[in-house]
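Residue strings, one per chain:
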Amino acid sequence: MSNHVDLTIIAIAVGVMAIMAVGIIFVLARLLLHVMQLEQMLREEVRSLTADVHNVLHNVNQATEHLSQSVGQITRTATWLTGAVGLLVGFARAKRLEERPSRVSIPGPSWWMTGLRWLWGAYRQQKRRAALTKGGPPKPMA
């Protein structure tokens, strides 16, 4: 083979490689455009998902507030009903005790005995305080 044939083969090979390089650049450019479109679509999807998550969190927060208010109202109502039922039970017991005749009548201490007992307790308390302020031990009472 001569130099002309060799140079022709090299020229044809370089031309084919140039055509292949242009084709590869074209395919890479189209791939880059598709990737950019995909990125834009993903960005929009992420924005919409972020907005959806924000809305869901807002709804959960409102539902939690409503639930806490409802539980508070139920608690207050239960407390009120407990008091009302206790009052009714107390009235029923009092009425039942009033209707039932007492079997044994236990006389209570008369008013003057109660007064004497209070005066004696006040007198003993006063003596204890006086003994503590003097610093000495309290004297035993009879």
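Each remark here, short or long, concerns the structure printed above.
Since we're looking at a predicted model, the values are computed, not measured.

Colleague: Quick question: what am I supposed to make of the pattern of salt bridges here?
Modeller: Once the charged atoms of two side chains with opposite charge are near each other, the side chains can pair. Tallied over the entire structure, the rule returns one salt bridge. Here Arg-43 ties to Glu-39 by a salt bridge, and the two come within 2.6 Å at their closest N and O atoms. In this pair, Arg-43 and Glu-39 both sit in helix H1 (residues 3–99), four residues apart, roughly one turn of the helix. Looking at Arg-43, the relative accessible area reads 35%, which means it is partly exposed.

Colleague: Before we go on, may I ask you to explain a nonpolar patch on the surface in this structure?
Modeller: On the surface, Ile-12, Val-16, Met-20, Ile-24, Leu-28, Leu-31 and Val-35 cluster together to form a nonpolar patch covering roughly 660 Å² of accessible area. Within the element layout of this structure, Val-16 appears in helix H1. What makes Val-16 partly exposed here is its relative accessible area of 41%.

Rules used throughout
- Residues numbered from 1 in each chain as written.
- Predicted model: local features only at pLDDT ≥ 70, side-chain atom pairs only at ≥ 80, totals over all residues.
- Heavy atoms only, no water.
- Salt bridge = Lys/Arg side-chain N within 4 Å of Asp/Glu carboxyl O.
- Helix = DSSP H or I, 4+ residues; strand = E, 2+ residues; numbered from the N terminus.
- Buried < 20%, exposed > 50% of the residue type's maximum accessible area, 1.4 Å probe, protein only.
- Patch = residues over 30% accessible without salt bridge, like charges linked within 9 Å, V, L, I, M, F, W, Y side chains within 5 Å.
- Areas by Shrake-Rupley, 256 points an atom, 1.4 Å probe, with all protein chains shown as cover.

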